[in-house]
Amino acid sequence: MIRKTALAAVRSSAWKKTSRWIRGSERWVQLEEEFDGSYVKAEVIVYFGDAKSKFYQLQQWIPVLEELHKSHKVAIIFRRPSSLLRARSRTRLPLVLKRRFDPLHTFYHANNFKLALYVNNGMTNFQSLGYAPMVHVHINHGESDKLSMVSNQAKSYDRVFVAGDAAIERHRKALLDFDERALIKVGRPQLDIERISELEPSAVKTVMYAPTWEGENDANNYTSVDLYGSQIVEAALALENTRLIYKPHPRVESSKDPEMQEQNTRILELIDAANQSITDETESHQVLMQGDILAMFDEVDMLITDVSSVGLDFLYLHPTKPLVLTDRRNNIDKLTGEAPISRATPIIDGRSVENAFHLLHSAFTEDTNAEARTILRAHYFGEGEKGTSTRLFTEAISYLIENRTHDLKGFSDTSTNAESNDGDDA
């Protein structure tokens with residue numbers, strides 16, 4: 001009877017879950033010991049407290065951080081093992097894992113870090129912000145007109161790096177009692193990085209449809225996939241001497257929304273059907289769920305996208321190429337007020353989507369917005385050619401480090417207390 005009871009217990013789902021948790025915990029402890037940070041000699045730390053599902057927010061900064069490492073030593077601090085494991089195969093920058101609050105602050109106090117960078121507003125950021133000696137700088141993970149680009153949490157950081165005047169206006173409209181002197185314009189250094197092309201050249205023109213995902217809530221939902229996705233794809237596929245590249249936001253593929261799932265599947269079916277009659281692979285339509293979209297832009301002749309960082313990145317890199325924007329809210333006045341780029345692009349919405357083919361065809365053959373796009377490029381990113389943003393970014397960090405080094409003379413840190421909410425979520 002005892003043996004049967006014991007066997008039933010170890011075969012139960014509860015025991016299996018507990019066993020997996022124990023084995024997982026042991027693995028995380030080993031990782032924390034391996035990446036304890038004892039090897040780190042850095043001035044700048046990059047704090048990332050989220051799991052691997054949000055790693056893309058850090059991913060785009062890694063080449064910039066590797067460049068910064070040449071002038072100011074950089075280390076990346078993780079709170080979740082899954083993100084550290086993802087980073088381990090993508091960079092040789094020093095990586096550190098501190099799952100809990102006390103070891104994190106012990107690590108800070110044991111070193112001479114001058115500045116911390118934050119690529120998002122993750123809730124554990126506040127545990128790091130509790131360390132006073134460092135300059136805490138929010139750099140976000142893109143430049144777009146989404147509501148999520150501005151948060152009241154901006155007040156928590158010592159400085160906030162923004163791309164240009166459009167971002168300053170965005171903060172001015174969205175925040176009360178915010179000191180604009182915290183904002184520093186640095187352009188978009190991610191766009192200065194030289195990238196190996198990830199899209200094969202073609203004899204035909206290339207149209208890319210790069211929609212965003214549905215966001216965390218309705219206010220931050222800018223995707224066109226569920227409403228117009230298949231119609232946009234049908235129109236693009238009908239263009240002569242043209243190949244379509246479908247490159248959605250990484251979270252479109254994993255969306256739990258039934259409409260998103262249904263439309264994404266429909267888009268894949270349309271592209272597969274269109275390829276049945278194409279014999280030249282370089283002219284085939286492609287579905288690219290993964291990969292660096294910035295490394296594809298050189299081969300793209302026209303971009304169709306939603307309100308997101310993708311359209312603005314394309315504007316910065318290729319202001320002479322046509323850009324088409326979508327609007328799921330069917331409110332052109334609101335759109336042009338919140339997203340200035342829409343003033344220089346054709347708009348696909350609930351009314352114009354029925355005429356999407358002619359809209360796309362005209363954007364190719366009668367592009368009348370080139371001059372307006374050039375002006376808006378300067379509005380979003382400032383003046384200067386490729387490389388300017390990297391210089392501004394590095395100069396801003398050097399300036400802040402120099403000032404903080406001076407301010408720390410005679411400073412005694414006593415701000416060691418903060419609330420923690422530690423967990424073992426990977």
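Above this text you will find the structure in question.
As a starting point, this report considers the structure included with it.

### Topic: the overall build of the protein
Here's step 1: Within the protein one finds 15 helices and 13 strands.
Here's step 2: A compact globule built from 426 residues should have a C-alpha radius of gyration of about 22 Å, and the protein, at 24 Å, falls within 12% of that.
Here's step 3: Scored against the burial criterion, the 426 residues of the protein give a buried share of 52%.
Here's step 4: Taking all contacts inside the protein whose residues are at least 6 apart in sequence as the whole, residues at least 24 apart take part in 69%.
Here's step 5: Roughly 20600 Å² of accessible area belongs to the protein as shown, and the carbon and sulfur atoms make up 49% of that amount.
Here's step 6: The distance from the centre of the 51 positive side-chain charges to the centre of the 61 negative ones in the protein is 8 Å.

### Examining empty space enclosed by the protein
Here's step 1: Counted by the stated rule, this structure contains two cavities of 30 Å³ or more.
Here's step 2: Size it by volume and the largest cavity reaches roughly 230 Å³.
Here's step 3: A class-by-class count of the residues in the lining of the largest cavity yields 13 nonpolar, eight polar and three charged.
Here's step 4: In terms of lining residues, the second largest cavity is bounded by Ser144, Asp145, Asp306, Val307, Ser308, Gly311, Leu312, Leu325 and Ile341.

### Here's the deal with the nonpolar core
Here's step 1: One finds Leu58, Phe78, Leu115, Leu117, Phe161, Phe393 and Ile397 to be the most contacted residues of the largest nonpolar core, which totals 36 residues.
Here's step 2: The element contributing the most residues to this core is helix α15 (residues 388-407), with five residues.
Here's step 3: Beyond its immediate stretch of four places on either side in the chain, Phe78 contacts Phe48, Phe55, Leu58, Ser83, Leu84, Ala87, Leu95, Val96, Leu97 and Lys98.
Here's step 4: Counting residues in hydrophobic clusters, the runner-up holds 31 residues, among them Leu315, Tyr316, Leu323 and Leu376.

### A few points about the environment of Met123
Here's step 1: For Met123, the location among the structural elements is in the loop between β4 (115-118) and α7 (125-129).
Here's step 2: Using a relative accessible area of 63% as the deciding quantity, one classes Met123 as exposed.
Here's step 3: Put simply, Met123 and Ser352 are 229 residues apart on the chain and 40 Å apart in space, counted from C-alpha to C-alpha.

### Here's the deal with unusual backbone geometry
Here's step 1: The residue Asn140 is not glycine, and still its phi comes out positive at about 60°.
Here's step 2: Along the chain, the position of Asn140 falls in the loop between β5 (135-138) and β6 (159-162).
Here's step 3: Asn140 gets classed as buried once you look at its relative accessible area, which sits at 10%.
Here's step 4: One non-glycine residue with positive phi stands out, namely Asp177, at about 55°.
Here's step 5: Along the chain, Asp177 turns up in the loop between α8 (165-174) and β7 (183-185).

### Considerations on the sheet that holds strand β11 (residues 302-305)
Strand pairing in a sheet relies on backbone hydrogen bonds. The paired strands run either parallel or antiparallel.
Here's step 1: Here we have six strands laid out as an open sheet, ordered β10-β9-β8-β11-β12-β13, and parallel in their pairing. Two strands close off the open sheet at either side, each with one partner strand: β10 (286-287) and β13 (347-348).
Here's step 2: When strand β8 (residues 205-210) meets β11, the two strands line up parallel, connected through four bridges. Bridged to Met208 within β11 is Leu303.
Here's step 3: This element, helix α10 (residues 258-275), spans β8, β9 (242-246) and β10 of the sheet and lies at about 150° to β9.

### As for the pairing of strand β12 (residues 323-326)
If a strand is regular, its side chains alternate between the two faces of the sheet.
Here's step 1: Alternating positions in β12 separate into two faces, Leu323 and Leu325 on one and Val324 and Thr326 on the other, with burial throughout.
Here's step 2: Where the polypeptide runs from β11 across helix α11 (residues 309-317) and back to β12, its parallel neighbour, the crossover connection is right-handed.
Here's step 3: As defined by bridge partners, β12 adjoins β13 across two bridges and the pair is classed as parallel. Within the sheet, the bridge partner assigned to Thr326 lies in β13 and is Ile348.
Here's step 4: Remark: the β12/helix α12 (residues 332-338)/β13 crossover connection has right-handed handedness.

### Quick notes on the pairing of β9
Here's step 1: Within β9, five of the five residues are buried, which leaves the element mostly enclosed by the surrounding structure.
Here's step 2: What you see with β9 is no split at all: Thr242, Leu244 and Tyr246 on one side and Arg243 and Ile245 on the other are buried throughout.
Here's step 3: Two strands pair when backbone bridges link them, and β8 and β9 are joined in this way by five bridges, in the parallel orientation. By the bridge assignment, Val207 is partnered in β9 with Leu244.
Here's step 4: Tracing the backbone out of β8, into helix α9 (residues 225-237) and back to the parallel element β9 gives a crossover that is right-handed.
Here's step 5: By the bridge criterion, two bridges tie β9 to β10 in an arrangement that is parallel. Bridging from a neighbouring strand, Ile245 pairs with Gln286 of β10.
Here's step 6: In terms of handedness, the path from β9 via α10 over to β10 forms a crossover that is right-handed.

About the thresholds
- Residues numbered from 1 in each chain as written.
- Predicted model: local features only at pLDDT ≥ 70, side-chain atom pairs only at ≥ 80, totals over all residues.
- Heavy atoms only, no water.
- Helix = DSSP H or I, 4+ residues; strand = E, 2+ residues; numbered from the N terminus.
- Rg over C-alpha atoms; globule rule 2.2 N^0.38 Å.
- Buried < 20%, exposed > 50% of the residue type's maximum accessible area, 1.4 Å probe, protein only.
- Contact = heavy atoms within 4.5 Å.
- Areas by Shrake-Rupley, 256 points an atom, 1.4 Å probe, with all protein chains shown as cover.
- Lys, Arg positive; Asp, Glu negative; His and termini not counted.
- Charge placed at Lys NZ, Arg CZ, Asp CG, Glu CD.
- 1 Å grid on protein atoms, 1.4 Å probe; cavity = no way out; pocket = protein on both sides within 12 Å on 5 of 7 lines; lining within 4 Å.
- Points joined across faces, edges and corners; volume = space filled by probe spheres on them.
- Nonpolar A, V, L, I, M, F, W, Y, C, P; charged D, E, K, R; others polar.
- Core = buried A, V, L, I, M, F, W, Y, C linked by side-chain atoms within 4.5 Å.
- Pairing = 2+ DSSP bridges.
- Axes fitted to C-alpha atoms, helices over the stretch in contact; angles between N-to-C directions.
- Right-handed = clockwise from strand over helix to strand, strands pointing away.

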